[in-house]
Structures are given as structure tokens and as C-alpha cells.
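Structure at a glance
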Amino acid sequence: MRKNSLGWSLFWAIFLALAMCFPAWGADVIKIGVIGPMNFVQGKGHWNGALMAEEELNAKGGIQVGSKKMKIQIIKADSNEFLSITDATNAMERLITRDKVDFIVGGFRSEAVLAMQDIAMDYKKIFIDCGAAHPELCLRVGKDYKRYKYFFRQTPFNSNYLGKSCFIQFATVAAILKKTLNLPKVKVAIVGEKAMWVEPMIGAAKKVLPQMGMEIVGTWRPSQVATDVTAELSAIQRSGAQLIFTVFSASVGITFARQAGELKIPAVQAGINVEAQKDGFWDATQGKGGYVGTLNTYCRGVEVNELSKPFMDKYVKKFGETPTYTAGTYDAIVYALAPSIEKAGTLDADKVVSVLEKSVYKVPVGTIAYFNDEKGNPLHDIKWGPGFVTGIMVQWQDGKMKGVWPNHWKAAKGVPEVTYKGIVPFKIPPWVVAKYKK
Amino acid sequence: MLLDIIVSGLISGSIYALLAIGFSLIFGVARIVNIAHTAFYMVAAYCIYFGAQKLGFHPVWCMLAAVVLVTVFGLICYKLFIDPIREHEAAVLIATIALAMALQEIMLNVFTGTFLSVPSLIKGYFLFFGVKVFYQQLLVFAAVVLILAALWLLLMKTRMGIAIRCVADDREVANLMGINESRVAMITMGISVAMAALAGAIIVPLATLNPLMWMHPLIMTMAVVVLGGLGSIKGSLLGAYILGFTEALVVFLAPGGAFLKNAVALSIMILVLLIRPEGLFGVSFEEER
Amino acid sequence: MGALAYYVRKLYTIFKGEVLVLPSRVAVLLFFLGILLLPVISQDPYLLRILILTSIFAIFAASWDLLSGFTGQMNFGHALFFGVGAYTAAFLSLHAHIPPWGSIPLGACAAVLAGLVVGIPCLRLRGTYLALTTLAFPVILMGIVFALPDLTGGELGISGLHRLSGSRLSDYYICATLMLGLCSVMWKITDSNTGIILHAIREDEVAVRSAGINTTRYKLIAFCLSGFFAGVAGGLYAHFMRIAGPSTLEVSMSFAVVIWSVFGGMVTIYGPVGGVFFLFPLLEFLRFWPEYRTLLFAGIILFILLYMPDGLFPWIRDKIEIECPRCKVRNIATRNTCRICTAPLKLGMTGEGG
């Protein structure tokens, strides 16, 4: 009897293992894999954007591929990249070999995307990055075009442009501060979490900010998961800074904003604070995160072009919250993949790549065009600048996220001023005004 | 600046002390390294969040409810998963790791990975000789003092306290003396989890909640407990403040290296252990045959 | 010709007498054959990837058991050796352009040095103190890695490494044969003089010292050997994933190896190997329910520990084999008498045909 049950369990185990080995059969659909940290807000953004794209395209009957119309099917893959790079690469491989997807969109953590990129390139599948900003990802395309040409970046623009954008926004705030409070020179405190992507930002800030006429009074580097930054805040207050350049992507962004607000530190926060880009920021800081400014991609009420409002309205209606930039998977599918497939007339990766890399197209956040490196090799990286993608700056005013930049922004001499619809002026916290205005 | 360091050190030290004492207690009595200790702290934090933000109850009631609920929950987990395998130390270790992982996943599924926060019990701050201190932080410090006093009373003046100290001293002889050793272990487990929950209740308004928040305090708690000597409450207290001050020193004297406070604290722990292998106040174990 | 037939027959007799006699040895034989012959049945790249990673982690887990199981030095920071092996192999591969078969052994040697660095402070520590102290080392190294981002690549780690070999299949064979080979070597070590001394150190160090053996030296040997094998695993991992990042030093990696080993059964080399081969694919398999994957995983571990606290494989082995009370040789459980000394194996049996 015992031997029998052992035999049966063995049978079922083998059966299940074999069942796992068989690939999923699909009808005539285009399979698009969506890979991301699905338990976290970034992955949810990936999935939501793709979901919206799938519904919209399938409602129209699908994409025209040559002579027939094919619907799209999105397949979810949890990369778990925050906790395990191994998991991420396994998920990517599974997506390609088991689920047999034709295209992949998503990715967030740069370390993971670097590894996942290699796998996608091994199998010659088009992989559109919607979350990692590291320049290396696209530099690889320039260095080894033949292997890496299947990789494109959709969002965000790479970290070099991130810095540029950030500094321009920061300078604008500094100018407002200087004028309103009548300051001879604006004193800046740089606070950046200890993370790899922050290093070049801080290095650049130390060079650029003095050139812009600001004085740097100190640099602080709290840990990414710091739960108490009162020490740093006391030191910043002591240093007399009026403006804080924040470079945060993790939970310390919430802690910092909350404690600075509670302690009423007399300085304005601007820069990058990824947590402040999310709807949940106000509650997370217990309402103390007011007047925090940060770089952002989407904001309710801000329109970059005619595609912005329909996208924003549809997303908010469907999911009840402002999209994070990882929802760029929508752009990747609807505006990048679909038209390129239709134009190429086939799903063949090489042909789609050659169509896509030459395309210049509009998306809700601007216009996408891919640029080349100095030697002329394609990088499949997106252009930054007025008329392309610039990003926006938002500030939390009265519990709501409002767009405050570009506001009469003159990018260069001879270039017209840029102001997006829905932008409002930047507000300075009353306690800062009280302290400095004589 | 010196005052900043002192205040900051006292507060960090108090937070670590709250967590370390519970951890040390359960180890001293039952020889269980409870990796899930900070996971219970996290569960308590989420309970408070749920009560305060979702159900709208006053934070104090939420805290009391959370402490009670988490203690009961902890005891159930102990009875189900740990008690049966108490003799196998390695297995207990793994069981607590698995328990911590399970709790993390449950929190991740219920509350998702977004960062959440809880309102302070007492809002606002005050100036202490020019240093801004939150009332909540003062509360942490006061709580440590109160809890220590209560624990001291319990351990020194009550019969159960004597029983606990006996079992911590020598398990087998305590058994011979007629003390129900496994019941004492269970009660100690309850006290330990209750302390973790209390720590959660008091510290949580200062921190941000997310399902991974239990890992970092765990490392520091273990460092504190090892430094102070396993099983010694006095040692844990001292160790907590030493490491708290070290952290404050690192943050103030080397602001660019604030992230290194983990590494520095652990290095100090290793240094002390090199000189004194049982930690500051630890009892060097006889080979328990 | 006759000589050949003689040797074949001799081999067969030894085989029948030694291997087929015990189910556990048959299982090991089947395992070896299964691993080596799997590509004949299926060359699915996803399956091969899972098995390659499993093999690498099996070497890692077995090396942990060598140190913590056999020598009793509970090492909660085993990820240190893994990470040092991975990073060193990555450095050498990227900057000195040494191919994988050179960078991995050199990475392992660096891990041996790490073993000394960890082992020496830990000589005087016992039990839980040792465990918690070893936990600190990878955390400190991770701090250093982040503090020197130009050298170590910070969070992104070092990427763009050479592949392990030309194709997925040859990767598989390299990792699988290395795993089988290294684990056999570790098994042989535990069976040798050194191994016995290590085991004795675990049981009672004072007694070993009073027998005149320099336990310090043997403990350090254990740390170094363990570090070597873990470093090999780290190097293989770096080359296979083509990236060596701080994820190799994380606390979760240290904990994972402890979980696999204890689950599979400590103080046996085959326990951790089996544990990894059971748990790692299980975690992948559970992708069916992505939200509850880790939860189910933790639940399975908890429940199995309740019933098999010594580990899965010792439990299975105890069910299918019995140890003879007189000559201490293992027999298959269905026998009534010992195969060597014919003593009755079960109570109430009085010899043949009883």
C-alpha cells in the first residue's frame, strides 16, 4: 500500500513537471511580454499602461500585419528585481522560451535591466525599456549594434538628461527664491541618498550650481532607507541653506520631506524625489510634504501636446491614480511598436527595428526621436529638449500635485519660450518667507 | 554639534534598546534566535496603520489593540511552528527565517509595496538647547525607561520573573526544581513579542512602513545583542546605546558617509568580540552537553 | 580479451555488492546519471538555465555544510565568499581579460583569503555569537562596495563579463560536472582524516584539543576550504549571469543557503545538494501563483520542518534504511537481518526465516 502511494505521488510529480514543460499554445496573436516588479508600484505602472494599450488596440481589431489583422496579448512576468536579480533573469528567459513572446516591454532596476537585456539580445527579441535610466544600456547599442539593436529606451530619458533637466528646473526655483526673498546669493544644501545613480548627479551639481551663481554649503548622504534624518536636518538648518537640492528615489524621500515639514526647516526642497511623484506621497508624509518640488513625468492637469489629456483622463478613470512614468509601456506598445509593425508589414524583429529606429512620433509626454552617438552609431536612446521630451517639475500645493515647470522657459537664445498648458507658478513655503523676508 | 550627537545618539540607542531587549530575553531563556522578532514589529506597525488610517480609530487604541493582537499571533506561531522543534536549534533558526519571510509576503500581498506612514501620537517638536526634538522621539526615550522599569519589576519581584531567570540560568536544574520550563518559555516568548509590538507602536510614527522594513532593524538588533552579550539585558541596553552613539557620530562627523553607519556599527561589534568573545556582559556558555 | 572480461565482471560484482545494495546509493547513482543525461531528453533553454543555477547553488550550499555542518561553525555570512568569488572573477575577466577557466579559480583563491579574514576573528566565538558575527561580514563588504563605486560598480555591479562557454548546453555540462565533481570531492574530504577531525571539533572541541590536535589550524582549514568552493560557485554565477552585483552579498543570499542546507539535512554533503535541487526549482515552479509564490515557499519550509526537523534527506534515508545494531552498517529497511553480520535488524526477529 505504501509503495503504491509512493508510486502515485511520483507519477503525479513527473506529470506536473512535464506539464510545466509544455509551452502555452496561442492563436494568431502578437504576444507582448510585460516584465517588471509587479508587487510594487513601478511594476503596476508597467502592467496598467500595457493593459490600456491592449484594450485600445484590440478594440480597433488589432494591428495590421501585412495582409491580416492580429490582436495583441500581453503576458505578465514578475521580475522581482528589487529582491533578486536571478529571479529577474529567470523571468525574462521564461517569458521568451516558455511563453514565446514576440516583444518585451518593461524593466526598472538598472542592474536587472542590464542582465535582462543580454538575455533578450541572445534571443533577438525587441526589448523596450520603460524604467531604467542608465546610459550604459544604450551605449551598448552604439558599441555593438549588431547584437544590441533590438533594444530601445522608451522612458525615462537617460540620467545625463535627467541631470540637465533637473538643474534647469532647480535654477528656475533658485531664481524665484532670490527675487522674492531679496537674497544676495542663494545657499544650497545638497542631500542625496547613498545610491549609485546619485554619484554623478552630485558630482555634476557641485560643478554646475556654483556656475549658476549659487553657493553650496554642504553635502549630506543619508542611507536609502533612513527612518530618521533629523540629524541631517539640524545640520542643514545650522548651515543657513535656503534651498535644498534633493536626490532621492527610495523611502528616505518620504522621511526627509515629512520631518523637514514637521520641523519647519526654513529651506525650499527641489530636485528629484521619486516618492513625491506618487499620489500616495501626501498621506505618506502625514500631510507634511507640502511645497516639495520634484522632477516628474506626468501630472494631472498638465498637457504637453494633444495626446496628453486623453491619455491622462483615460488612465485616471480606469485606475484611479496618476500614472508613474513606468506606464510608458502604453507609449511603447501603441505609439512605438504598433505603427512600426504596421509599416514594416511583418513581425520580423530586424525589419521592425529598422522602421522604429528611424521613426519620430508623438506620445503623451512629448515627441520621441532616437539619436546617435558622436560616431554616428544609433543608440536607440530618446532625445531631450524643447519639442521632444523635457519632463516637468511638480510641486505639492494644498495636498495636490501641481505642475510648475516649464513656465516661460527659454531653453536657448533664439528659441521660443516654452510653457505647457496647466502649469502654475511655484510657491514658497510661508515659514521660509517669514524667516528671510525683511 | 555635540548636543546634536548626544540627542541623536540617545534616541537611536533607545530605539535599538527596545528591539534588542525582547530579542535578548527570548534567547536567554529559550535559546531561540528569533529572526522573526523584527517581523512581528513590522506586523504590529501594519496593524496600527490599518487601524489608524483605514478604520479611523485613534492611534492609542490602535496601538493597544496591535500589541494584544500581535502578542496572541506570536504565541500561536510559536506554538504551531517553533515549540515542536525546539530541541533542534538549527531547525528553529530556519523556521523563524521562514516565518519572517511568510510575514513579509503576507504584508506585501495585503498592503502592497508602497510606502505608508502612521500619524504621530504627539505631533510637533520642541527645542532642547537649540536642538529640535520631536515629541514622538521623547516618547520613545520615555517608553524605554518605563518598559525597562516594568521588566525589572517583573523579573526581580514576581514569582514568574524568578522562574524566568532560573530557566535562563540553567534549564535543566530549573526543571528539576519543579518549574514548568516549556510554559516559562512560552510566557517569555509572549513578553518578547509584546515588546516587539510595543517597539513597533512607538517607533512606527517616525518611520515609513513597507514590507521590507524588518531586515535593517534585524541586523542592528543582532549586532546590539551580540555586542552586549546574549542573554544579558544589561548588556543589550549598553550595546544599544553604544551603537546608537556610534551611528550619530558617523552621521555628524562624516555626513558623506552616513550610509556607512551599518558597516561601522558592525565593525565595532566584531572588534569588541575579538577582545571579549562573549560580548560585554555575556555569560560564556559552558559546553552544554 | 579474457582480462577485459575479468575486469568487467569484477566491476559488476563490486557494483552489485556495494552500490545496488543500498537505496541511497542507487539514488545517488540515478541522480548522477539523470543530471548528465538530461539534455538527451530535453534541451529547453529555460529548464537548462534553472538546472545550471541549481548546480551552482548546490556547490554553494555544500560548501556551507562543510563549514557549518561538519565543523559546527555556524556561518550566517556565507554570501561573503560567494560575493568575493563573483567580484574577483568579474574584475579579472573584465580588466585583465582572463578567460573564465582562469578567473574562476583565481576568484576562488580570493575567497579563500576571505575565509581567513573571517576565520581568524571567529576562532574564539561559539554558537550563536559566531553565527551573528559572520552575518556582519558581508554587510560590511557591501558597505565597502557602495563606498567605492568607481572600483566596484556600486549598485550596478560589474557587467559585461565573458560568457562561461559558447552555448547553453556546454554551460550546463560545465556547471553540472563541476557540481558533481566538487561535491564528490567535498564528500571525500568529510570521509577523510581531516573530515573526521572537523566532525569531532563540532561534537566536542575541548576533547579534540586534549587529544593533541591543533583545532585552530583545522578550523581555519575548514573556513578556507569552504571559502574555496563557495568562491568557485560565485565565479560560475558571475560568468553565467554575466554580471556580478551587490545582490551576491545580500543577507538574503546568506539566509537562502542556510535554509537550503538545513532543509536538506545538515552534516551530510548530499543533504544541501538535495535541498537546493528540491527548493530552487520549486520556487520557479510556483510562478503559477506569482503573488503567493514566496508565501507558499515559506509555508512549505515551515511545515516540512515540523515533521522532519533534521532535514528532508536524512528523514527519507532513515525511512528506507536501517543501521545494524551490531556492526553499524546500513541496510535496506526491508531486510530482516544485516547483510554483513546477519544480526537481526528488527525487534522480534530471530535470524533467517524467523
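Up top is the structure.
Residues numbered from 1 in each chain as written. Chains lettered and ligands numbered in written order. Predicted model: local features only at pLDDT ≥ 70, side-chain atom pairs only at ≥ 80, totals over all residues. Heavy atoms only, no water.

**A short note on the overall build of chain A**
As a reminder, the rule being used: Numbering of helices and strands runs from the N terminus; a helix is a DSSP stretch of H or I covering at least four residues, while a strand is a stretch of E covering at least two. Accessibility here uses a 1.4 Å probe with only protein chains present; expressed as a share of the type maximum, an area under 20% marks a residue as buried, one over 50% as exposed, and anything in between as partly exposed. Throughout, a residue-residue contact means that at least one pair of heavy atoms, one from each residue, lies within 4.5 Å. Residue burial considers only the protein chains on display, and all accessible areas are found by Shrake-Rupley using a 1.4 Å probe.
Looking only at helices and strands, one finds 15 helices and 16 strands in chain A. Its C-alpha atoms put chain A at 85 × 65 × 40 Å along the principal axes. Counting the 438 residues in chain A, one finds 60% classified as buried. Of the contacts made within chain A by residues no fewer than 6 positions apart, 69% connect residues no fewer than 24 positions apart. Summed over all atoms, the accessible surface of chain A reaches about 16,900 Å², with 57% contributed by carbon and sulfur.

**Re the interface of chain A and chain B**
Going by this rule: Joining two parts hides part of their accessible area as seen by a 1.4 Å probe, and the buried area is that hidden amount summed over both. Here a polar contact is taken to be a pair of N or O atoms separated by no more than 3.5 Å, where protein atoms must pair a possible hydrogen donor with a possible acceptor and residues adjacent in sequence count only if both atoms sit in side chains.
Chain A puts 34 residues into the contact, and the matching count from chain B is 31 residues. When chain A packs against chain B, close to 2,800 Å² is buried across both sides, 56% of that on carbon and sulfur atoms. Where chain A packs against chain B, one counts zero residue pairs in polar contact (both at pLDDT 80 or more). Looking at the side of chain A that touches chain B, the elements that each hand over two or more residues are α2 (41–59), β8 (215–220), α9 (230–239), α10 (252–263) and α11 (281–284) of chain A.

**Observations concerning the packing of aromatic side chains**
To keep things clear, this is the line we draw: Centres within 6.5 Å make a pair out of two Phe, Tyr or Trp rings, where for Trp the six-membered ring is used; the pair is then stacked when the planes are under 30 degrees apart, edge-to-face when over 60, and tilted otherwise. Note on geometry: a ring has a charge over it if NZ (lysine) or CZ (arginine) is within 6 Å of the ring centre and within 35 degrees of the ring normal.
With the rule as written, the count across this model stands at 40 aromatic pairs over all chains. Ring geometry for C:Phe57 versus C:Trp260: centroids 5.2 Å apart, planes at 40°, classification tilted. Taken together, the residues span a long stretch of sequence, with C:Phe57 in helix α3 (residues 45–70) and C:Trp260 in helix α12 (residues 251–264) at a distance of 203 residues. Exposure class is identical for C:Phe57 and C:Trp260. Each is buried. In this structure an aromatic cluster arises from ring pairing among A:Tyr298, A:Phe311, A:Tyr315, A:Phe319, A:Tyr330 and A:Tyr335. A cation sits over an aromatic face here: A:Arg147 above A:Tyr148, 5.1 Å from the ring centre. Cation over ring: A:Lys264 sits above A:Trp431, and NZ or CZ is 5.3 Å from the ring centre.

**Comments concerning the interface of chain B and chain C**
Cut-off, in case you're wondering: A carboxyl oxygen of Asp or Glu within 4 Å of a side-chain nitrogen of Lys or Arg is what we treat as a salt bridge. Three classes are used: nonpolar for Ala, Val, Leu, Ile, Met, Phe, Trp, Tyr, Cys and Pro, charged for Asp, Glu, Lys and Arg, and polar for all others, with Gly counted as polar.
Taken together, the contact pairs 45 residues of chain B with 38 residues of chain C. Buried surface at the junction of chain B and chain C, summed over both partners, amounts to about 3,700 Å²; 81% is from carbon and sulfur atoms. At the junction of chain B and chain C, the tally comes to zero salt bridges. Seen at the junction of chain B and chain C, the total is zero residue pairs in polar contact (both at pLDDT 80 or more). Contributing elements (two or more residues each) for the side of chain B that touches chain C: α3 (59–82), α4 (89–111), α9 (215–228) and α11 (261–275) of chain B. A per-element tally of the side of chain B that touches chain C places α4(B) first, with 13 residues. The residue makeup of the side of chain B that touches chain C, split by class, is 34 nonpolar, seven polar and four charged.

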